[in-house]
Amino acid sequence: MADFEITIIGAGVVGLAIAARLSERHPNLVVVEKNEKYGLETSSRNSEVIHAGIYYPPGSLKARLCVQGREELYHLCRRHNIAHRQITKLITATSQEELPKLEAIYHNGRENGVPLELLDREAALRLEPNIQTAGAIFSPLTGIISAHELMDYLYHTAFRQGATVQHHCEVVGIEFSGREYSLEIDEHGHRSRITSEKVVNAAGLFADRVAAMTGIDIDKAGYRQYFAKGSYFAVTPSKSNVVSRLIYPVPLNEGLGVHALLDWGGRLKFGPDVEYLVDNRIDYTVSEQKRAAFGNAIRRIVPTIRDEDLSPDLAGIRPKLQKKGEPPRDFVIAHERERRLVGFVNLIGIDSPGLTSALAIARYVEGLLYD
Ligand SMILES: Cc1cc2nc3c(=O)[nH]c(=O)nc-3n(C[C@H](O)[C@H](O)[C@H](O)COP(=O)(O)OP(=O)(O)OC[C@H]3O[C@@H](n4cnc5c(N)ncnc54)[C@H](O)[C@@H]3O)c2cc1C
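The model shown is predicted, which means the values in this text are computed figures rather than measured ones.

Let us now look at the environment of Ala-134. When you line up the elements, Ala-134 lands in the loop between helix H4 (121–127) and strand S7 (135–139). Looking at Ala-134, the relative accessible area reads 15%, which means it is buried. In this structure, the C-alpha to C-alpha distance between Ala-134 and Ala-93, residues 41 residues apart in sequence, is 5.5 Å. Those residues in contact with Ala-134 that sit more than four places away from it in its chain are Ala-93, Thr-94, Ser-95, Gln-96, Leu-99 and Arg-121.

With that out of the way, let us pick up the pairing of strand S11 (residues 181–187). Regular strands show a simple pattern: their side chains alternate between the two faces of the sheet. Among the seven residues in S11, five count as buried, and that is most of the element. When strand S10 (residues 170–176) meets S11, the two strands line up antiparallel, connected through six bridges. Opposite Val-171, over in S11, you have Ile-185 as the bridge partner. Where S11 meets strand S12 (residues 190–201), seven bridges bridge the pair, whose relative direction is antiparallel. In the sheet register, Tyr-181 faces S12, and the bridge partner there is Ser-196. With antiparallel pairing between neighbouring strands as the criterion, S11 and S12 make up a hairpin whose turn holds two residues, including His-188 at a positive phi of roughly 50°.

So, about the domain arrangement of the chain. The assigned domain composition of the chain is domain 1 (4–47 + 148–224 + 328–370) and domain 2 (89–140 + 226–320). Placing the centre of domain 1 and that of domain 2 at their C-alpha centroids yields a distance of 31 Å. Contacts between the two partners involve 12 residues from domain 1, matched on the other side by 15 residues from domain 2. Across the interface of domain 1 and domain 2, roughly 1200 Å² is buried in total on both sides, 57% from carbon and sulfur atoms. When the buried surface of domain 1 facing domain 2 is broken down by residue, Arg-45, Ser-47 and Leu-205 rank first, second and third, together holding 50% of it. With a shortest N-O distance of 2.8 Å, Lys-320 and Asp-351 are connected by a salt bridge. The interface formed by domain 1 and domain 2 holds four residue pairs in polar contact (both at pLDDT 80 or more) in total. Split into classes, the residues belonging to the side of domain 1 that touches domain 2 amount to three nonpolar, six polar and three charged.

Where strands meet in a sheet, backbone hydrogen bonds hold them as pairs that are either parallel or antiparallel. What the three strands build is an open sheet, ordered S3-S8-S4; its pairing is antiparallel. For this open sheet the edge positions go to strand S3 (49–50) and strand S4 (84–85), each flanked by a neighbour on one side alone. Where S3 meets strand S8 (residues 143–145), two bridges bridge the pair, whose relative direction is antiparallel. Counted as the bridge partner of Val-49 is Ile-144 from S8.

All right, on to the site of the ligand then. Neighbouring the ligand are 40 residues, the closest being Glu-33, Ser-43, Val-49, Ile-350 and Thr-356. In the model, a nitrogen atom of the ligand is placed 3.2 Å from a nitrogen or oxygen of the Lys-34 main chain. In this structure, a nitrogen atom belonging to the ligand sits 2.9 Å away from a main-chain N or O atom of Val-49. Across the complex, the protein chains shield 98% of the 1000 Å² of accessible surface that the ligand would expose by itself. Put simply, the parts of the chain that give the shell around the ligand at least two residues each are helix H1 (13–22), S10, strand S18 (310–320) and helix H9 (354–370).

As a further point, take helix H5 (residues 147–160). For H5, spanning 14 residues, the distance from its first C-alpha to its last is 20 Å, which sits close to the expected 20 Å at 1.5 Å a residue. Listed as buried for H5 are Ala-147, Leu-150, Met-151, Leu-154, Tyr-155, Thr-157 and Ala-158. Looking straight down H5, one finds that the buried residues subtend no more than 165° of arc, so they occupy a single side. Of the residues in H5, the exposed ones pointing more than 90 degrees away from the buried face are Phe-159 and Arg-160. Buried residues in H5 make contact with H1, helix H2 (61–80), S8, strand S9 (164–166) and H9. Gly-162 lies just past H5 and shows a positive phi near 105°.

Rules used throughout
Residues numbered from 1 in each chain as written. Predicted model: local features only at pLDDT ≥ 70, side-chain atom pairs only at ≥ 80, totals over all residues. Heavy atoms only, no water. Helix = DSSP H or I, 4+ residues; strand = E, 2+ residues; numbered from the N terminus. Buried < 20%, exposed > 50% of the residue type's maximum accessible area, 1.4 Å probe, protein only. Contact = heavy atoms within 4.5 Å. Pairing = 2+ DSSP bridges. Domains from an automatic or database assignment. Buried area = accessible area lost by both parts, 1.4 Å probe. Salt bridge = Lys/Arg side-chain N within 4 Å of Asp/Glu carboxyl O. Polar contact = N/O pair within 3.5 Å; in protein donor to acceptor, adjacent residues only side chain to side chain. Nonpolar A, V, L, I, M, F, W, Y, C, P; charged D, E, K, R; others polar. Near = heavy atom within 4 Å. Areas by Shrake-Rupley, 256 points an atom, 1.4 Å probe, with all protein chains shown as cover. Expected span 1.5 Å × (residues − 1). Arc of directions from axis to C-beta.

If you want it as structure tokens, here you go:
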């Protein structure tokens, strides 16, 4: 008999959400995490926005899981007092030329079942007098959440239901006997093995590496991840009231565009940009040299912010399935039965809206393993 019924690799918000969900009926579950604590990577380096589900292609996993996950998340937050605010959002067209694109985003969001309102310039300015706008989309269901409080809740729920979270445990090898998985674990240089009937790979930035440990050719499978860093700049406190909700531009290139965010300390921040990292080298520094480019991007939507008002803040890294310049890809969430890896689920390319979708992803994974 295997040591565990389920092993989850990675204790980010997605791994923890899966642990909290599955341990309710399957308490013989372990989460193995290489860091000293859960949630220290992408899950604590993001915008903490509860996305409404506006931009993603209708029918895609991102669209479906974001819409479902958002509803479940608001419900959970209200029930368990997890810090959140349904702060709402505007997407602003900064010129007449951007209006057709704004309308296309509106129709896409409506097709995803998201309640939205198209506002003319005057109506948008009544809500946000300090923005640059020729018209906007109002999204009433967009909000912000404390990712830390959410992860604390998920961790304690899994723990209370009998699951274990093992920190300092990095998975470095995986073998499958046809009946159970044997995982090689590195704990401060000390190697050991655990066995498990089922395995969920929720290793975030390293999910492709973990998938490769099972023998999957990640290039053939389309699982190779590319790191796209996103940096943020904070605005001087005297200007933190220039906007009162999240303000996004009409996206120009990759990503949603540098946008205005309000964090839990009441600070106004702008970000994230998109910077592909050479050779996937992790780097969380925010370069002062980006100040001018940020200033320009920000003034497109909030003209009163000057370069001197900005100071470098945090950065996070997205695991993207597309290379720079390629069209966006959907989440990959796959039970690898057809690759003869029965009971093995890969989650690859879980970039935004992974935080919003975490509870719905957990439900989806449960369906893949137990339906
Ligand atoms: C700049 C930025 C802004 C974003 N903004 C938003 C937003 O506003 N709203 C939203 O919904 N989403 C947002 N996202 C996306 C969201 O943050 C991610 O989708 C989500 O955090 C992914 O969670 P995860 O658990 O999959 O990954 P992670 O949080 O990266 O967790 C994976 C865990 O696996 C562990 N691990 C890796 N390899 C191993 C191994 N071999 N053995 C053991 N453990 C291992 C890691 O240490 C890590 O703790 C943003 C992302 C970025 C980068």
